[in-house]
2 protein chains.
Amino acid sequence: MGASVQQSFIWLPAGLLPLPLPLPLPLPPPLLLKGSMTFHKGPSQRSPPPPGYPPARQLKRWPVTWQSVKPEPPGKFVIQVFKDFQQPFTGRYPTSHRIYSMPVPQEPLRRVAVTGGTHGNEMCGVYLARHWLQAPGELQQPSFSAVPVLANPAAAAVCRRHIGCDLNRSFTKALLTASPTPDEPYEVTRARELNQLLGPKNSSQAFDFVLDLHNTTANMNTCFIVNETDLFAMHLCHRLQLQNSESPSWILVYQPPESETFSLDSVSKHGMTIEIGPQPQGVLQAKLFYRMRSLVASTLDLIELFNQGTAFPAFEMEIYRLLEYMEFPRTEEGDLAGMVHPQIQDQDFKPLQPGTPIFQMFSGKDVLYEGDSTVYPVFINEAAYYEKNIAFMKTEKLTVSVPALPVLTPSPAH
Amino acid sequence: MGASVQQSFIWLPAGLLPLPLPLPLPLPPPLLLKGSMTFHKGPSQRSPPPPGYPPARQLKRWPVTWQSVKPEPPGKFVIQVFKDFQQPFTGRYPTSHRIYSMPVPQEPLRRVAVTGGTHGNEMCGVYLARHWLQAPGELQQPSFSAVPVLANPAAAAVCRRHIGCDLNRSFTKALLTASPTPDEPYEVTRARELNQLLGPKNSSQAFDFVLDLHNTTANMNTCFIVNETDLFAMHLCHRLQLQNSESPSWILVYQPPESETFSLDSVSKHGMTIEIGPQPQGVLQAKLFYRMRSLVASTLDLIELFNQGTAFPAFEMEIYRLLEYMEFPRTEEGDLAGMVHPQIQDQDFKPLQPGTPIFQMFSGKDVLYEGDSTVYPVFINEAAYYEKNIAFMKTEKLTVSVPALPVLTPSPAH
């Protein structure tokens, strides 16, 4: 396993294949997808091994061939994966791992929102949203005006991440469609309000784009969190990365493609999150505030360019895709037994080799990383993740090929 | 006004002057104290100008002669200050500014406590206290065993600074002696419990020493917060500073000598606070954890040295003494109108010259420091002080002369 796991992805823009598709449909040779998959150990493993196979932690990376596709509403394609176990086992096993392709925009994006304070103690977004609510002119473009939204005003008022539960995990179908109850957490109610304002999620009435602003206490510098099936957002990230090449920035795919989306930016047709750090919770640092303000302006400029018919050609880029969480070491009673090792503190997005110390126990003992391949930890020692028992998140570095966007015909001014 | 304001202080150990003293008593020439005082502008000014004198912000630093002393229980001396206004006014005006001298220990210190988690989201102290409660052996010395205390367990359990109010401002006579009420803040109740455990404050039954452990989000590195009239604690700070000369450390006098003490370490006969940063609230960083653990061990070693009869000779050292708070810029509606300027972010304890930008407004405008002398800002952009509307605290740098401690006769093992 090298430092960079090379893996090919191809997005299938909506409309590329005729609907309905017969099942199973062998793909034409140019679209036959090959790659590899990994089984991961631990409680958050996303691909449990088939019955009778070795325990997850003993499994390796396997070659994989995606062999058929089937359509899934609304407007998404699901690629059903069959794994060919070539070594040390042979056989065929269908899994739930799927690759979605979200539709690419065929029209100018006119309904755009910039949301801050989704977590009420991440101060750049809180104060940018408050500022723009007073002075929205900064968010105007010739073809659209972005709407500023203070996403979690109650949490921002008391400078806490949340009042009752994490708003940015509350945009699931179950929560958005449940009947309101008097004792439900504030954020569940607020998620429904935001879904009315910016969605409804998965509907044609939803906003075209939501840009959600976050801070982290981890040394993530500038990080764009994106759904890797959102071709439009992938283009924005890539261009933002090129425009800001003097300062390191990273593209993080946080959510497994097969799982239901839950974040605020999932209520709109397209969306992404800007995550800037390190900044302590409850602190507003001017440098980070201005960096975020500038990135929002650049994002809106790029949407305007797209609306005006600018070509967004195909490219390749590096992304970091979430593999699994690394939990804190605990005593038998469940108390913290150690802390993130100084050797990996602030080393977000740097390669973590097997055998590197990752925890320092209060007893003085070091705990080494026991994985069998290089990973790239992110959100290292993030304050908000102590309550989730996450010391850091392991990602893999991938190079992905992203196809061109369709070129719109020039749009008249809004 | 130079970068360092030279000012002389002399501590008057208890028992130096006979009690009772006639009033007014001219001091004998060797003890005549000379120095200077400053009037400060703004709402937190500690020395309001006399009636009919110019407004505070126009006043300058004046020469001062302390001319008489009077005793004040328990075991403290109060030096009454008369200001000689030599320019531009002449006259004599008694103020409330006083210099205390706390008694120096005449016996070994055997009742010592190390308190952490006084603020429940300052994680080094929280986890050190929890660790020592499981493994108290680390706090044992030949002549005493320090007691670990998790000061605010309810706030630590939910990882907040406090539940109801700031515990570290709750050790006042009014709060400690008030009758308990059912709806009083948790921390007021807890302060009384701690006063029972470690005090009672100002009594002969009180603990000999309390070492209180804190973190800050400001770039304060290692900072010892001490009452400048506590000669014993001043000696400890000085030695700790010498022992850790490879890393910058600072001595901060936070509380005006004329004001009532309110912090946890004021319940004991002697005490001090170790403040380490920058560390975000709710995050435990191993390097800071180990630095604090090592400083606690060194402090206990020094107390042991004193107990064993080691001489602590006189010395001079630099201290930073709190002048006043600098508030955040606000709109007419009271909202934050700007933030700490990047030019002073992380510049704690560095000289701040008049004319230096201190705030960057959301409008883009810079706000300059308008003082008439160099000051030394501390607690710059501390998360916990937003609710107190403090952007940073201005201090002055002073060189103080600290007399020797009495040498104890060697103590038998405890």
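In the nomenclature of an unreviewed UniProt entry, chain A corresponds to N-acyl-aromatic-L-amino acid amidohydrolase from the organism Octodon degus. Of chain A, the UniProt comment under Cofactor (unreviewed entry) reads exactly: "Zn(2+)".

## Points about the relation of the copies chain B and chain A
Rotating chain B by 180° and translating it 0.0 Å along the rotation axis places it on chain A, where the RMSD comes to 0.0 Å. Such a combination of rotation and displacement between the chain copies is what one expects of a two-fold axis. Within chain B, the C-alpha atom positioned nearest to the axis of rotation is that of proline 280 of chain B, 2.3 Å from it. Mapped onto chain A, 100% of the interface residues of chain B again fall at the interface, so both copies present the same surface.

## Some thoughts on the interface of chain B and chain A
Chain B puts 28 residues into the contact, and the matching count from chain A is 29 residues. Of the roughly 2,300 Å² buried between chain B and chain A on both sides combined, carbon and sulfur atoms contribute 64%. When the buried area of chain B at its contact with chain A is split by residue, Leu284, Met339 and Phe362 of chain B rank highest and sum to 23% of it. The interface formed by chain B and chain A includes 0 salt bridges. Our count for the chain B to chain A interface comes out at 8 residue pairs in polar contact (both at pLDDT 80 or more). Those elements giving two or more residues to the side of chain B that touches chain A turn out to be helix 1 (123-134), helix 6 (286-307), strand 13 (338-340) and strand 14 (357-361) of chain B. Counting residues per element, the side of chain B that touches chain A draws most heavily on helix 6 of chain B, which supplies 5 residues. Per-class residue counts for the side of chain B that touches chain A are 16 nonpolar, 9 polar and 3 charged.

## A closer look at the side chain of aspartate 265 of chain A
All names here are of chain A. Tracing the chain through its elements places aspartate 265 in the loop between strand 10 (249-253) and strand 11 (270-277). Look at aspartate 265: it is buried, it has no salt bridge, and the nearest opposite charge is lysine 201 at 8.3 Å. At 2.6 Å, the side chain of aspartate 265 and the side chain of serine 263 are in polar contact. The contacts of aspartate 265, once residues within four sequence positions are left out, are Val210, Asp212, Ile225, His270, Gly271, Met272 and Thr273.

## Here's the deal with the packing of aromatic side chains
Two numbers describe a pair of aromatic rings. These are the distance of the centres and the angle of the planes. Summed over all chains, the structure comprises 30 aromatic pairs over all chains. Pairing tyrosine 254 of chain B with phenylalanine 379 of chain B gives two aromatic rings, centres 6.3 Å apart and planes at 90°, and the pair type is edge-to-face. Of this pair, tyrosine 254 of chain B sits in the loop between strand 10 (249-253) and strand 11 (270-277) while phenylalanine 379 of chain B sits in the loop between strand 16 (376-378) and strand 17 (390-402), and the two are 125 residues apart along the sequence. The pair formed by tyrosine 254 of chain B and phenylalanine 379 of chain B is uniform in burial state, with each residue classed as buried. The rings of Tyr127, Phe289 and Tyr290 of chain A together with Phe362 of chain B are connected pair by pair, giving a single aromatic cluster. Positioned above the aromatic ring of phenylalanine 312 of chain A, the side-chain terminus of arginine 239 of chain A is 4.0 Å from the ring centre. Over the ring of tyrosine 127 of chain B we find arginine 130 of chain B, and its NZ or CZ is 5.0 Å from the ring centre.

## Focus: the packing of helix 1 (residues 123-134) of chain A against helix 6 (residues 286-307) of chain A
Residue and element names in this part refer to chain A. Remark: helix 1 packs on helix 6, axes separated minimally by 10 Å, with the N-to-C direction vectors making an angle of 60°. With respect to each other, helix 1 and helix 6 are oriented oblique. Pair helix 1 / helix 6 crosses with right-handed handedness. Contacts between helix 1 and helix 6 involve Cys124, Gly125, Tyr127, Leu128, His131 and Trp132 from the first element and Leu288, Phe289, Met292, Arg293 and Val296 from the second. Per-class residue counts for the contact of helix 1 with helix 6 are 8 nonpolar, 2 polar and 1 charged.

## Some details on helix 1 of chain A
All names here are of chain A. With 12 residues, helix 1 extends 17 Å between its outermost C-alpha atoms, agreeing within 8% with the 16 Å of an ideal straight helix rising 1.5 Å per residue. Burial within helix 1 is extensive, with 9 of its 12 residues counted as buried. What helix 1 keeps buried is the set Met123, Cys124, Gly125, Val126, Tyr127, Leu128, Ala129, His131 and Trp132. Considering only its buried residues, helix 1 is in contact with strand 6 (112-116), strand 7 (147-150), helix 2 (153-157), strand 8 (209-215) and helix 6.

## Description of the sheet that holds strand 16 (residues 376-378) of chain A
Residues and elements named next belong to chain A. Strand order in the open sheet formed by 9 strands is 7-6-8-11-9-10-12-17-16, with mixed pairing between adjacent strands. Two strands close off the open sheet at either side, each with one partner strand: strand 7 and strand 16. Adjacent strand axes in the sheet meet at a mean angle of 30° when their direction is disregarded. Bridge count between strand 6 and strand 7: 4 bridges; the pairing is parallel. Across the sheet, threonine 115 pairs through a bridge with valine 149, a residue of strand 7. With respect to the sheet, helix 4 (residues 186-198) is in contact with strand 6, strand 7 and strand 8, its orientation differing from that of strand 7 by roughly 175°.

Reading the values: the criteria
Residues numbered from 1 in each chain as written. Chains lettered and ligands numbered in written order. Predicted model: local features only at pLDDT ≥ 70, side-chain atom pairs only at ≥ 80, totals over all residues. Heavy atoms only, no water. UniProt positions renumbered as here; feature names shortened; annotations may be inferred. Least-squares fit on C-alpha atoms with pLDDT ≥ 70 in both. Contact = heavy atoms within 4.5 Å. Buried area = accessible area lost by both parts, 1.4 Å probe. Salt bridge = Lys/Arg side-chain N within 4 Å of Asp/Glu carboxyl O. Polar contact = N/O pair within 3.5 Å; in protein donor to acceptor, adjacent residues only side chain to side chain. Helix = DSSP H or I, 4+ residues; strand = E, 2+ residues; numbered from the N terminus. Nonpolar A, V, L, I, M, F, W, Y, C, P; charged D, E, K, R; others polar. Buried < 20%, exposed > 50% of the residue type's maximum accessible area, 1.4 Å probe, protein only. Lys, Arg positive; Asp, Glu negative; His and termini not counted. Phe/Tyr/Trp six-rings, centres within 6.5 Å; stacked < 30°, edge-to-face > 60°. Lys NZ or Arg CZ within 6 Å of the ring centre and 35° of its normal. Axes fitted to C-alpha atoms, helices over the stretch in contact; angles between N-to-C directions. Parallel < 35°, antiparallel > 145°, perpendicular 65-115°, else oblique. Left-handed = near helix turned anticlockwise from the far one by under 90°. Expected span 1.5 Å × (residues − 1). Pairing = 2+ DSSP bridges.

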